[in-house]
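Architecture and fold: a report
Listed here are the chains, written in short residue letters.
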Number of protein chains: 6
Amino acid sequence: MTIHQKLRGVTLAEIPPYIPNGNECQLFEMAWVRQLPLLLKGPTGCGKTRFVSHMATRLGLPLTTVSCHDDLAAADLTGRYLLKGGDTVWVDGPLTKSVREGGICYLDEVVEARKDVAVVLHPLTDDRRILPLERTGEQLEAPPGFMLVVSYNPGYQNMLKALKPSTKQRFLSIEFDFLPKAQEIAVVAVESGLDEARVAPLVELAAKLRRLKGHDIEEGVSTRLLVYCACLIDSGMPVRDAVRAAIIEPLTDDADVKLALTEVAHSVIV
Amino acid sequence: MTIHQKLRGVTLAEIPPYIPNGNECQLFEMAWVRQLPLLLKGPTGCGKTRFVSHMATRLGLPLTTVSCHDDLAAADLTGRYLLKGGDTVWVDGPLTKSVREGGICYLDEVVEARKDVAVVLHPLTDDRRILPLERTGEQLEAPPGFMLVVSYNPGYQNMLKALKPSTKQRFLSIEFDFLPKAQEIAVVAVESGLDEARVAPLVELAAKLRRLKGHDIEEGVSTRLLVYCACLIDSGMPVRDAVRAAIIEPLTDDADVKLALTEVAHSVIV
Amino acid sequence: MTIHQKLRGVTLAEIPPYIPNGNECQLFEMAWVRQLPLLLKGPTGCGKTRFVSHMATRLGLPLTTVSCHDDLAAADLTGRYLLKGGDTVWVDGPLTKSVREGGICYLDEVVEARKDVAVVLHPLTDDRRILPLERTGEQLEAPPGFMLVVSYNPGYQNMLKALKPSTKQRFLSIEFDFLPKAQEIAVVAVESGLDEARVAPLVELAAKLRRLKGHDIEEGVSTRLLVYCACLIDSGMPVRDAVRAAIIEPLTDDADVKLALTEVAHSVIV
Amino acid sequence: MTIHQKLRGVTLAEIPPYIPNGNECQLFEMAWVRQLPLLLKGPTGCGKTRFVSHMATRLGLPLTTVSCHDDLAAADLTGRYLLKGGDTVWVDGPLTKSVREGGICYLDEVVEARKDVAVVLHPLTDDRRILPLERTGEQLEAPPGFMLVVSYNPGYQNMLKALKPSTKQRFLSIEFDFLPKAQEIAVVAVESGLDEARVAPLVELAAKLRRLKGHDIEEGVSTRLLVYCACLIDSGMPVRDAVRAAIIEPLTDDADVKLALTEVAHSVIV
Amino acid sequence: MTIHQKLRGVTLAEIPPYIPNGNECQLFEMAWVRQLPLLLKGPTGCGKTRFVSHMATRLGLPLTTVSCHDDLAAADLTGRYLLKGGDTVWVDGPLTKSVREGGICYLDEVVEARKDVAVVLHPLTDDRRILPLERTGEQLEAPPGFMLVVSYNPGYQNMLKALKPSTKQRFLSIEFDFLPKAQEIAVVAVESGLDEARVAPLVELAAKLRRLKGHDIEEGVSTRLLVYCACLIDSGMPVRDAVRAAIIEPLTDDADVKLALTEVAHSVIV
Amino acid sequence: MTIHQKLRGVTLAEIPPYIPNGNECQLFEMAWVRQLPLLLKGPTGCGKTRFVSHMATRLGLPLTTVSCHDDLAAADLTGRYLLKGGDTVWVDGPLTKSVREGGICYLDEVVEARKDVAVVLHPLTDDRRILPLERTGEQLEAPPGFMLVVSYNPGYQNMLKALKPSTKQRFLSIEFDFLPKAQEIAVVAVESGLDEARVAPLVELAAKLRRLKGHDIEEGVSTRLLVYCACLIDSGMPVRDAVRAAIIEPLTDDADVKLALTEVAHSVIV
């Protein structure tokens, strides 16, 4: 239990469970202490969001999460003027709120956002640590507790959507990957209620399918899909039907690829 | 009759008729119980919308349907500020309403929508099950009854419009196809009033034309068109005229293809 | 005289003249009775608009016509909020008005409209027959008298502007072509005041020019242009001058093609 | 003097001078009498605008001219709602005003306008002669005196900007070209004040340069530039300097082409 | 001193200095007297803006300068409605103001502006000399003193940004080039305070570098950069450092080209 | 200590530390005295922002920094009308404020901004030194103390984003590069708290990696990343872990490149 948890009265029981896979927890905490921003890289559904949520509770900090997308602009993060009673009233966006309260702001899939988002990130991620609100004329200084965390999935090959080096070089970076087998079995069993023995072949299957990434399928099976599959089995659905609905159909629309994946599945789960 | 129907006083007579073609009803119900979102894949007019409508009534849940399109943005689903008496007043969109009332929200042809729609779907489709309304600062937690269902037609080959894996892997998926012959005859007869003997050759013809998909015609004949055709025949139109107006003309604008389809039709319906 | 005309007191004399060229009047009436939407396909100026106008009067129904174009969006059909006295007031669009009054709504050249128009057409063209007004929260059920008619010209080859199969398969379809010679002579004579003997060679010329479509000229001569030409002759303009101003110049800007068309013209009209 | 001039008290002296080059005045007047719309085709500066202005005065009709451009939309022609004292007030656009007052509306370079302009032109150019104002719900019937005239320059090769056949086939069309030599000399002399003997070589030069169109220069010299040139000479500038400033520099930016054109010029004007 | 200066009380001392390089002053004055618009062509920093400023003062006319850019639209020139106290109030743009006061309006780099700017220029540049303000319904007649001057740099090769011939042929045109050596030395010496002997080698260098245009560098050195360079030298910076900061670095980012230019520089300025 | 510092009571202690690498401080001060605008070129994180900050404090001038981006338009710099109490009220943008107060306005990565930004820079960067506010009708004259500084990174190869020569030739230019080794060691040690002996191999590594720029990595390691790395080491993280998180992961997403960079790193830092 860190000093921050004590100060804010967080107990370990309230912390979302997270089993570290390396030095990521240490790195996150150091980054927070030294006031350095952090970038998480990794595939879909490997636990990045859960990790940030775990660390925020562990450090006793409020967490603001923003899922970025093609149309997310700087003003969606900083705030806007709205019309109230004939006047324009400024309303803080999620990033501004997070800076004011000194918590963690997590921008998920930040490469998806519009390019002008970089403009609010740059002054927040150098030694100035300020958030300029051009429209109000304010210039917020981030308090010591504030930390910016962003993530993206380097697996998507999209030149137009890459972060500029001048942005990337403002973040400490960690690469995430899927959990080691034993850990993944444990996680899926806990989340679905299915016992570990019945979960094990699903994780086995996932490992095989993840090796096909880039060939027949665009992305490996996420831990989330394994949880879905285990839920269906736990509810009484035959394993093969559950695998089809929760793993094969979500991975591909192509009839031939489905056939191939089904063969792989049947070789593992009998 | 499920427990939900009893609680809400729905009787079987009020349920829109639907003849299952596999385990789709079981899967839908399990997904609803385990609070997992569902994706329906399948061709035009094969009964996806009818299926959702059937399940919603069967489970005694209010249903909200949104047909997605190129210009549908996140704000069209979540809501907007409108000007009333000089003030801006927040008005819930269809997704927000559905989350508040805890029913089923069905986004038809979700791949057509703008990319920022993903941003409201992601937090609703992981274990948080929340709908963040950034503009009002609210963060709605979906009640246990709420379920998100989306659909798309994988038959259209459009790379720009595919769902990202990070979205797809958040849904259990079912693939739909056209009904088996006997079932389709029954459905068309009921909907059009034409007797089954006269419907049978139309379904026969449909089977032949569906095999041409991808060659001469972009998509197979939908069950809906068969119903249209049977309606015209039932109203007294000669069969060949009805087939032309309800099947051949809707399938193609190409004179040569029309000729070919007409030959196929005449070989079946004499 | 149909029962609807009797009920609404329409007399035959008020019906815009239309000479059917096949079973299109029967099909239109059946579609209206069975509440099925209708799609008219055919070249420029072959009488589609006139046909709809004729059928609307014959059935005693109010007609709303909307010419679609590149920037026509769903909101242009359904309605918008306008600012009145500081409040936003909803104003019905032409489609909404037509649904409320239960008449015929005719969307001319529907493929030209923006893609989001499909979203208001889909729920109106399946068995639900509803028009969802998302912005007001209303969901209008179309009364039995309401009928949706759309048209487009399949002669324009524009992949980007084709209707999706999922839209096309919601309509009964009729293909229109130019009138048979005798009928076209009658129509042009009536509309221009020129006697049939002097109209005949113009229709002869039109037939020849229509065969050139796709080679030298993009589209065949419309009946409308023949009427224009006959008007000029009727006003005393020499035939060749009238043909140049009303037929050749509107068909092409290319000097060589003009020469070729002029030769064709002079061989027919001496 | 036509009957309309008498009725409105226009005298010949007030009519902008125009020397016809064919039957264009007769055609214009017939089109007006028979209520047919008119399309003028021809190169830059050959007198189309002057011709319309001449005919409008001659027929005693008010003239509204709109120069079309890339961003001109239907609403720029029909009108808009503006905010006045908290209310939205409808303000007629130039086309609507012209329809209301029953004069001539001239849309110059109509192909430049946005595509949705076609939607207001179509119902005005068939036998309905109506202008639907969707936003106000009005549907104006054009009075007998109203006439729509449009123009474009077929010399620009721009596939994206061509009128659709369904639009073109709604207009009688006239092709304009530069004036015959004697007429052009007369026009330039009158407009510039320079005597005809000194104007003649300029017109001679123009004829030579117009033959180069499509080779070295994009468009032939307009009559307007000849007037400019004659003005400079009339003001005392040496002929060669005037030709450079008023003819050669406006035609090209290319040094080699300038040299070639200068040689042509010096061979004519010594 | 012209008659206009006398009338408005301008003395020669107040006229921005300009040393003519041909008949451009005579041409400008004639164009103003004959009410013809003027187009200036020429490279960056060769003195076009200064020339217009000189002529405006000399003729005793107010000058309005607008730097055109990609997003400059017609409304930016003519004016807009703004909201004041609940009403929309019309606010004149710079062109409208200039027309009202009858001075010179100079549109710098007019090809950069959006295409709809042409629509306000056309009626101002033919014999009507009017500025139609469609949004207010006004139609301003330009007073005799008003003159429109535009400029662009033909050196940039951008097909998308060329003026249409129908626009170009509405202007008298002058081509500008860099000053002759002696004149440029005088100008740079006056503007920087550095004596002519020390300026001479800089002008010598400029001449050499201008010959490289199109090969290693996109544009020749402007007179403005020579003034900057002379300023630095006058402030005590070593010549080679001044040349690097004021001439070589502004011309190129390429290391090899910089080396080559530096060699050229050192050969001239020792 | 300059005279300006004295006048404004700035003491040396308050000046952000900056160790010059050439004549850049002298050039900046001369440019400010002669009222010439300045352009800084150089790679990410080489200290351009720090340099401007240093000079502003040294000269006793207020500094306004704007990070430019794809959507930054002229109005974002100059100001906008906002609605307050029913009226539109003008609110100065950061550039306008800076001009009014006569300080330094620094536009970071100016090439990223929208093209219309050039229009406000041009009149500010020639001898007029004015900022025209078209929307308010004001024309601000920059006071003697005002200075415009812009920067960009010529290392990005983006033809669409280059400054036009007509803009570039309005600025004195300095090229920045990474610091010489000894200086960089000093800077990193001061900023991170790690002693110089332990910083030295990191700077050594940076030099090696910067040579790979353009081959395996898009941009060299910034001094900022070295500071991050030193911070982690200073906090107790093993050197190799710190190098991975602060240098290798921020530089690349490619597994092979990471391996290669790791080998380089291990050869240097043992």
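Calculation rules
Residues numbered from 1 in each chain as written. Chains lettered and ligands numbered in written order. Predicted model: local features only at pLDDT ≥ 70, side-chain atom pairs only at ≥ 80, totals over all residues. Heavy atoms only, no water. Helix = DSSP H or I, 4+ residues; strand = E, 2+ residues; numbered from the N terminus. Buried < 20%, exposed > 50% of the residue type's maximum accessible area, 1.4 Å probe, protein only. Contact = heavy atoms within 4.5 Å. Pairing = 2+ DSSP bridges. Axes fitted to C-alpha atoms, helices over the stretch in contact; angles between N-to-C directions. Buried area = accessible area lost by both parts, 1.4 Å probe. Salt bridge = Lys/Arg side-chain N within 4 Å of Asp/Glu carboxyl O. Least-squares fit on C-alpha atoms with pLDDT ≥ 70 in both. Phe/Tyr/Trp six-rings, centres within 6.5 Å; stacked < 30°, edge-to-face > 60°. Expected span 1.5 Å × (residues − 1). pLDDT = per-residue confidence, 0-100. Polar contact = N/O pair within 3.5 Å; in protein donor to acceptor, adjacent residues only side chain to side chain.

Residues and elements named next belong to chain B. By the secondary structure assignment, Glu141 is in strand 7 (residues 138–141). For Glu141, a relative accessible area of 65% gives the class exposed. In sequence terms Glu141 and Ile130 are 11 residues apart; their C-alpha atoms lie 4.5 Å from each other. Once residues lying within four places of it in the same chain are set aside, the contact partners of Glu141 are Val99, Arg129 and Ile130.

The subject of this paragraph is the sheet that holds strand 2 (residues 63–67) of chain D. All names here are of chain D. With parallel pairing, the 5 strands of this open sheet are ordered in space as 2-5-8-1-9. Whereas interior strands pair on both sides, the edge strands pair on one side only; in this sheet they are strand 2 and strand 9 (172–175). When strand polarity is set aside, the average angle formed by the axes of neighbouring strands in this sheet is 20 degrees. Here 4 bridges tie strand 1 (residues 38–41) to strand 9, and the two strands are oriented parallel to one another.

A few words now on the interface of chain A and chain F. Each partner contributes residues to the interface: chain A has 38 residues there, and chain F has 47 residues. For the chain A and chain F pair, buried surface summed over both sides reaches about 3600 Å², with 50% attributable to carbon and sulfur atoms. Summed over the shared surface of chain A and chain F, the result is 5 salt bridges. A salt bridge links Lys41 of chain A to Glu249 of chain F, with the nearest nitrogen and oxygen atoms 2.8 Å apart.

What follows is about the relation of the copies chain A and chain F. With an RMSD of 0.0 Å, the fit of chain A onto chain F corresponds to turning through 60 degrees and sliding 0.0 Å along the axis. Read as a symmetry element, the transformation amounts to a six-fold axis. Comparing interface residues between copies, only 5% of those in chain A also lie at the interface in chain F; the contact surfaces differ.

Residue and element names in this part refer to chain B. Strand order in the open sheet formed by 5 strands is 2-5-8-1-9, with parallel pairing between adjacent strands. Two strands bound the open sheet, and with one partner strand each, they are strand 2 (63–67) and strand 9 (172–175). Strand-to-strand twist of the sheet, defined as the mean angle between neighbouring strand axes without regard to direction, takes the value 20 degrees. The strands touched by helix 5 (residues 94–101) are strand 2, strand 5 (104–108) and strand 8 (147–152); relative to strand 2, the strand with the most contacts, the crossing angle is about 160 degrees.

All names here are of chain F. Of all 5 residues that make up strand 5 (residues 104–108), 5 are buried, and the element is covered over most of its length. Residues Ile104, Tyr106 and Asp108 of strand 5 are buried on one face, and the alternating residues Cys105 and Leu107, pointing to the opposite face, are buried as well. Relative to strand 5, strand 2 (residues 63–67) runs parallel, the two being bridged by 5 bridges. Across the sheet, Thr65 pairs through a bridge with Tyr106, a residue of strand 5. As paired elements, strand 5 and strand 8 (residues 147–152) share 4 bridges and run parallel to each other. The partner of Cys105 across the bridge, within strand 8, is Leu148.

Let's shift gears to the packing of aromatic side chains. Residues and elements named next belong to chain A. Considering all chains together, one arrives at 18 aromatic pairs over all chains under this definition. When the ring of Phe28 is compared with that of Phe51, the centres are 5.5 Å apart and the planes differ by 90 degrees; the resulting orientation is edge-to-face. Here Phe28 is found in helix 2 (residues 24–33), whereas its partner Phe51 is found in helix 3 (residues 48–58), with 23 residues between them in sequence. Comparing Phe28 with Phe51, the two get one shared label, buried.

A word on helix 8 (residues 181–192) of chain C. Residue and element names in this part refer to chain C. Taking 1.5 Å of rise per residue, the 12 residues of helix 8 would be expected to cover 16 Å, and the 16 Å separating its terminal C-alpha atoms lies within 8% of that figure. By the burial criterion, the buried members of helix 8 are Gln183, Glu184, Ile185, Val188, Ala189 and Ser192. The secondary structure elements touched by the buried residues of helix 8 are helix 9 (196–210) and helix 10 (223–234). Looking at the residues trailing helix 8, positive phi occurs at Gly193, about 90 degrees.

Once turned by 60 degrees and shifted 0.0 Å along the axis, chain F lies on chain E with an RMSD of 0.0 Å. Little of the interface of chain F is mirrored in chain E, where only 5% of its interface residues again form contacts.

Moving on: the confidence of the model for chain A. Residue and element names in this part refer to chain A. Confidence along chain A averages 85 in pLDDT terms, with 90% of residues attaining 70 or more. Here residues 1–10 scores under 50 on pLDDT; set against residues more than four positions off or in separate chains, the count is 21 contacts. Scored as a complex, the prediction yields pTM 0.69 and ipTM 0.81.

In this section: the interface of chain F and chain E. On the side of chain E, 47 residues touch chain F, which itself brings 38 residues to the contact. Note on chain F versus chain E: buried area summed over both sides is about 3600 Å², and carbon and sulfur give 50% of it. The three residues of chain F that bury the most area against chain E are Met30, Arg34 and Gln169 of chain F, which together make up 20% of that side's buried surface. Summed over the shared surface of chain F and chain E, the number is 5 salt bridges. Put simply, chain F and chain E have 13 residue pairs in polar contact (both at pLDDT 80 or more) between them. Of all elements in the fold, only helix 2 (24–33), strand 3 (79–84), strand 4 (87–92), helix 7 (165–168) and strand 9 (172–175) of chain F reach the threshold of two or more residues within the side of chain F that touches chain E.

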